[in-house]
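Letter by letter, the chains look like this.
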Amino acid sequence: MGFLILALAVLAGAAGCVSTAFEEVTYSDGALRIHVENTGEPVEKAVLQVTIMEVGAFEQHEVFSEARYINLDRGQNEYTVAVDLEPGSYRAFLTIFVGQERRTSVIRDLEVAP
């Protein structure tokens, strides 16, 4: 019985971790468009952190980094980050923080066509 209660507590705690998820991330016309689904309660002053690395043969280096406050509404959210990327291969590291908690993070590959 004690194990069952512990298992339910772990599941309840984990449920909050999946209430926010990155969805489509695209780049066009000098802007990164980031779609986020939030099934939890709305949050004011969450932090969206974006780091973009240019990927080459056996190496990568940072070309852009920004953290900004966002309001995270229930349902679909879209954020636009202005960034000028040359044609090439990139990796976007995206994280949302709520207070001191990392709510969600993802790494996405991007190709910018000439």
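On a predicted model such as this, the values are computed, not experimentally measured, just so you know. (Residues numbered from 1 in each chain as written. Predicted model: local features only at pLDDT ≥ 70, side-chain atom pairs only at ≥ 80, totals over all residues. Heavy atoms only, no water.)

## Quick look at the pairing of strand E7 (residues 101-112)
Bridge count for strand E6 (residues 88-98) against E7 is 11 bridges, and the pairing is antiparallel. What sits directly across from Arg91, in E7, is Asp109. (Pairing = 2+ DSSP bridges. Helix = DSSP H or I, 4+ residues; strand = E, 2+ residues; numbered from the N terminus.)

## Here we look at the nonpolar core
Counting residues in each nonpolar core, the largest one holds 25 residues, and the members touching the most others are Leu32, Ile34, Leu48, Val50, Ile52 and Ile96. Elements supplying a minimum of two residues to this core: strand E1 (20-28), strand E2 (31-38), strand E3 (43-56), strand E4 (59-72), strand E5 (75-82), E6 and E7. (Core = buried A, V, L, I, M, F, W, Y, C linked by side-chain atoms within 4.5 Å. Buried < 20%, exposed > 50% of the residue type's maximum accessible area, 1.4 Å probe, protein only.)

## Some points on the environment of Asp84
Among the secondary structure elements, Asp84 is positioned in the loop between E5 and E6. Given a relative accessible area of 66%, Asp84 falls into the exposed group. Asp84 sits 53 residues away from Ala31 along the chain, and the two C-alpha atoms are 7.2 Å apart.

## Notes on the confidence of the model for the protein chain
Taken as a whole, the protein chain shows an average pLDDT of 88; of its residues, 84% reach a score of 70 or greater. For the stretch residues 2-17, pLDDT sits under 50, and the model shows two contacts to residues farther than four places along the chain or on other chains. (pLDDT = per-residue confidence, 0-100. Contact = heavy atoms within 4.5 Å.)

## Let's talk about the sheet that holds E3
Pairing is antiparallel across the open sheet formed by four strands, whose spatial order is E4-E3-E6-E7. Where the open sheet ends on each side, the last strands, each with one partner, are E4 and E7. Strand-to-strand twist in this sheet, taken as the mean axis angle between neighbours without regard to direction, amounts to 15°. (Axes fitted to C-alpha atoms, helices over the stretch in contact; angles between N-to-C directions.)

## Thoughts on the side chain of Thr51
Position of Thr51 among the secondary structure elements: in strand E3. The contacts of Thr51, once residues within four sequence positions are left out, are Glu62, Phe64, Ser65, Arg91, Ala92 and Phe93.

## Focus: the packing of aromatic side chains
By the definition in use, this model includes zero aromatic pairs. For Lys45, the ring lying beneath its charged end belongs to Tyr69, and the centroid distance is 5.7 Å. (Phe/Tyr/Trp six-rings, centres within 6.5 Å; stacked < 30°, edge-to-face > 60°. Lys NZ or Arg CZ within 6 Å of the ring centre and 35° of its normal.)

## Some details on the environment of Arg68
Within the element layout of this structure, Arg68 appears in strand E4. Since its relative accessible area comes to 27%, Arg68 is described here as partly exposed. For the pair Arg68 and Gln49, spaced 19 residues apart in sequence, the C-alpha to C-alpha distance is 6.6 Å. If near-sequence neighbours (up to four positions away) are discounted, Arg68 is found in contact with Ala46, Val47, Leu48, Thr80 and Val81. For Arg68, the side chain forms a polar contact with the side chain of Glu66, separated by 2.8 Å. A polar side-chain atom of Arg68 sits 2.9 Å from the main-chain carbonyl oxygen of Thr80. (Polar contact = N/O pair within 3.5 Å; in protein donor to acceptor, adjacent residues only side chain to side chain.)

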